[in-house]
Amino acid sequence: MANELNLAVEDPAGLQRRPQMGENEHTVIVPPRGDHSSSSSSSSTANNNSHPSSSPSLSPWQDRLILLLLTVANFIIAFGVSLQGPFFPKEAESKGAQPITYSSIFAIYELVMLVTSFAFGKLAGDASELMSGAGLTLTGLSTALFGLLTLLPGQLPFVGAAFALRIVESLGATAFATSSYSFIAACHPQKTGTMFATLETAFGGGVVIGPVVGGFLYDLGGFLLPFLTVGAMMTTGGVIILSGPVQRLFRRGKEAGQRKAAEIGEEGGGVEAGNSVQSSSVDSRKLLAAVSETDHSINNDEEGEEESLPTTTEVPLPTESSITLWRFLASPAILLDALIIISALNLMGFNGATLEVFLRGGGIVSSTLAVSLLFAALGAAYGVGALLCGKACDRLPPKYLLLFSIAGSALTAVGLIFLGPLPFLEHSLAPSLLSAVLCLLLFGTGSALKQVAAYTHALKYTIHRRRFPDNQTTYGFISGMFFACLSLGGFIGPIIGGSLVQASTFQTATLVMWVIELVVLLTLLTLHFCCPSFRL
């Protein structure tokens, strides 16, 4: 017999026994051929039944139709959120509202999204396709009703109704956003980065187009026309998604994604990818017995001495009951991803509250159209950067994901140096239209890299490192975290920016933002090179 013998035998029935006295310790008990065949057949049948297979896979055009519906809906949602910027403050002031009042009407949208994102993310695991349609419909109806505010007399009715409708609008948008992002990840488990980036590109396009078209419609037909137009588009889209054929199509897409996730998990060495994370389903695929013989074998003549078979070390899978929001958040890597997303939106909010005043006050631009085009450049850079980063995140090894966030943070920090510029560079660098455009391009690209890479890293880290199930419950947690961080960054950015500019200068405000970004960048560099556990 050879000095070293390594045998790995799979026992489908889950039966093992130790060698008895007088029996060779290298003997492996295997069921008879007939039983083995029967057991294998049963195991195969069980595996096939464990994954959804009641409907055939989607055709390419059906797959594209699902993506098209969600992409257009995300575009319209962003359109509705951003269209009122150029004219709502003037309308509110005509009713007697103060700046702090109508600023709070804007901010309540982000606050509601922050509070409800995780709750909607958890609900999205069971009924994402239904929630997407209902959320979009609710957002459309509240947006259309928002246009009727101009008919209300006096400040109190106007402000009260505006707050109420803005809260309802945010609830609908949050329900749609969290469910659509988790749903698209479930449909395309092998292309989560690309799908996420596609939706983000559409959202960025809506943010760019919204103020321009909103201002045009306002000039054309007054306060009612922009909200009525966009509200009707949202409501129509929601009704289409809620229709029976589309709901069935969405359910088939989710089932096809679950089967694909199961195949990926089996090919990757047994990572659980279905809806069940029972330990027995893992035991049916993993190594059950490994027997080795060496020249230093145990002396079988010694009484009372037992030899245990070597076992394969497995990271324990969390059970369904143990998968909670707090367990999901109890990870330094997930909190790091959250910090990255918050920092990206914090800068976006800062620019939204302060950049227009700086550009006008410094004489860099003199027209509303020029300001709109500058913000359009920011949105375009974000859309292109998100799409390219998403494709790269899917194609490159996961260990590079954190590097994208580092690159995005570096680009943002460079842009902040030259935007104001920083106070210690004021005498050597003068702000100009060209420098503003270049800085906004850096901001858009940097924010896209940070957001897409952080979302993709959170998803892959949670499933492949922490071994959460590859299903919509996990996707719901991640999309809820993403939108909560978006809302928090979007909420605190304008507050920080407005306070700093009011108390000092724009240059000092950008210095504070640059220091914040520098801290984020140094943190990412330190964790990437000194703490490999943060990498996949």
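Note that the coordinates shown come from a computational prediction; the quantities given were computed from them, not determined experimentally.

Caption draft 1: Quick look at the overall build of the chain. When helices and strands are counted, the chain shows 16 helices and two strands. Here the chain, with 536 residues, has 47% of them falling under the buried criterion. Taking the intrachain contacts of the chain between residues at least 6 apart in sequence as the baseline, contacts between residues at least 24 apart amount to 84%. A total accessible area of about 24200 Å² is found for the chain, and carbon and sulfur atoms account for 64% of it.

Caption draft 2: Region of the structure containing the confidence of the model for the chain. In the predicted model, the chain carries a mean pLDDT of 76, and 76% of its residues have values of at least 70. Mean pLDDT in the chain bottoms out at strand β2 (residues 289-293), which sits at 35, and peaks at helix α7 (residues 224-242), which reaches 94. For residues 1-54, every residue scores under 50 in pLDDT, and the model assigns this stretch 60 contacts once sequence neighbours within four places are set aside. Contacts from residues 269-315, a stretch scored under 50 in pLDDT, to residues over four places away or in other chains number 83 contacts.

Caption draft 3: Spatial organisation of the pattern of salt bridges. Applying the stated criterion across every chain, the model contains three salt bridges. One salt bridge connects Glu517 with Lys450, and the closest N-O pair in it is separated by 2.8 Å. Separated by 67 residues along the polypeptide, Glu517 in helix α16 (residues 506-530) and Lys450 in helix α14 (residues 433-465) bring together distant segments of the chain. Owing to a relative accessible area of 4%, Glu517 belongs among the buried residues under this scheme. A relative accessible area of 1% places Lys450 in the buried class.

Caption draft 4: Inspection of the packing of helix α11 (residues 332-361) against α14 at higher detail. At a minimum axis separation of 9 Å, α11 and α14 run at an interaxial angle of 160°. On the basis of the axis angle, α11 is roughly antiparallel to α14. The crossing of α11 and α14 is left-handed. Split into classes, the residues belonging to the contact of α11 with α14 amount to 16 nonpolar, six polar and two charged.

Caption draft 5: Quick peek at the side chain of Gln507. Note that Gln507 resides in helix α16. In terms of polar contacts, Gln507 uses its side chain to reach the backbone carbonyl oxygen of Gly420, at 3.1 Å. With near-sequence residues (within four places) excluded, Gln507 lies in contact with Phe358, Gly420, Pro421, Pro423 and Glu426.

Caption draft 6: Structural context of a nonpolar patch on the surface. A cluster of nonpolar side chains, Leu145, Leu148, Leu151, Leu224 and Leu228, forms an exposed patch at the surface whose accessible area comes to about 440 Å². Relative to the assigned elements, Leu224 resides in helix α7.

Caption draft 7: Quick peek at unusual backbone geometry. In this chain, Gly420 is followed by Pro421 through a cis amide linkage whose omega measures -10°. Unlike most non-glycine residues, Arg467 shows phi in positive territory, near 65°.

Caption draft 8: Here's a closer look at the packing of helix α2 (residues 60-82) against helix α5 (residues 155-187). Relative orientation of the contacting elements α2 and α5 amounts to 150°, with a least axis distance of 11 Å. Relative to α5, the element α2 is oriented roughly antiparallel. Here α2 and α5 pass one another in a crossing that is left-handed. Contacts between α2 and α5 pair Ile66, Leu67, Leu70, Ala73, Asn74, Ile77, Gly80 and Val81 from the former with Arg166, Glu169, Ala173, Phe176, Ser180, Tyr181, Phe183 and Ile184 from the latter. In terms of residue class, the contact of α2 with α5 is made up of eleven nonpolar, three polar and two charged.

Caption draft 9: Representation of α14. In this model α14 runs 46 Å from its N-terminal to its C-terminal C-alpha over 33 residues, within 8% of the 48 Å that 1.5 Å per residue would give. Burial runs high along α14: 24 of the 33 residues are buried. Just beyond α14, the residue with positive phi is Arg467, at close to 65°.

Caption draft 10: Inspection of the packing of aromatic side chains at higher detail. Here the structure, examined in full by the defined rule, presents 15 aromatic pairs. With a centroid separation of 5.1 Å and an interplanar angle of 45°, the aromatic rings of Phe146 and Phe227 are classed as tilted. Of this pair, Phe146 sits in helix α4 (residues 99-146) while Phe227 sits in helix α7, placing them 81 residues apart in sequence. Phe227 gets classed as buried once you look at its relative accessible area, which sits at 2%. Summarising the aromatic geometry, the rings of Phe328 and Phe477 are spaced 5.7 Å apart at their centres and angled 20° between planes, so their arrangement reads as stacked. In this pair, Phe328 sits in helix α10 (residues 325-329) while Phe477 sits in helix α15 (residues 472-503), placing the two residues 149 residues apart along the sequence. In terms of burial, Phe328 and Phe477 fall into one category: buried.

Caption draft 11: Spatial organisation of the environment of Phe216. Structurally, Phe216 is set in helix α6 (residues 192-221). In this structure Phe216 comes out as exposed when scored by relative accessible area, which is 54%. Placed 133 residues apart in sequence, Phe216 and Leu83 show a C-alpha to C-alpha distance of 9.9 Å.

Caption draft 12: Structural detail: the side chain of Gln62. Mapped onto the fold, Gln62 is located in helix α2. Given the relative accessible area of 13%, Gln62 is considered buried. Beyond its immediate stretch of four places on either side in the chain, Gln62 contacts Leu249 and Arg252.

Caption draft 13: Representation of the environment of Gly205 in the model. Examined against the element boundaries, Gly205 turns out to sit in helix α6. Gly205 sits 178 residues away from Gly383 along the chain, and the two C-alpha atoms are 6.8 Å apart.

Reading the values: rules and limits
Residues numbered from 1 in each chain as written. Predicted model: local features only at pLDDT ≥ 70, side-chain atom pairs only at ≥ 80, totals over all residues. Heavy atoms only, no water. Helix = DSSP H or I, 4+ residues; strand = E, 2+ residues; numbered from the N terminus. Buried < 20%, exposed > 50% of the residue type's maximum accessible area, 1.4 Å probe, protein only. Contact = heavy atoms within 4.5 Å. Areas by Shrake-Rupley, 256 points an atom, 1.4 Å probe, with all protein chains shown as cover. pLDDT = per-residue confidence, 0-100. Salt bridge = Lys/Arg side-chain N within 4 Å of Asp/Glu carboxyl O. Axes fitted to C-alpha atoms, helices over the stretch in contact; angles between N-to-C directions. Parallel < 35°, antiparallel > 145°, perpendicular 65-115°, else oblique. Left-handed = near helix turned anticlockwise from the far one by under 90°. Nonpolar A, V, L, I, M, F, W, Y, C, P; charged D, E, K, R; others polar. Polar contact = N/O pair within 3.5 Å; in protein donor to acceptor, adjacent residues only side chain to side chain. Patch = residues over 30% accessible without salt bridge, like charges linked within 9 Å, V, L, I, M, F, W, Y side chains within 5 Å. Expected span 1.5 Å × (residues − 1). Phe/Tyr/Trp six-rings, centres within 6.5 Å; stacked < 30°, edge-to-face > 60°.

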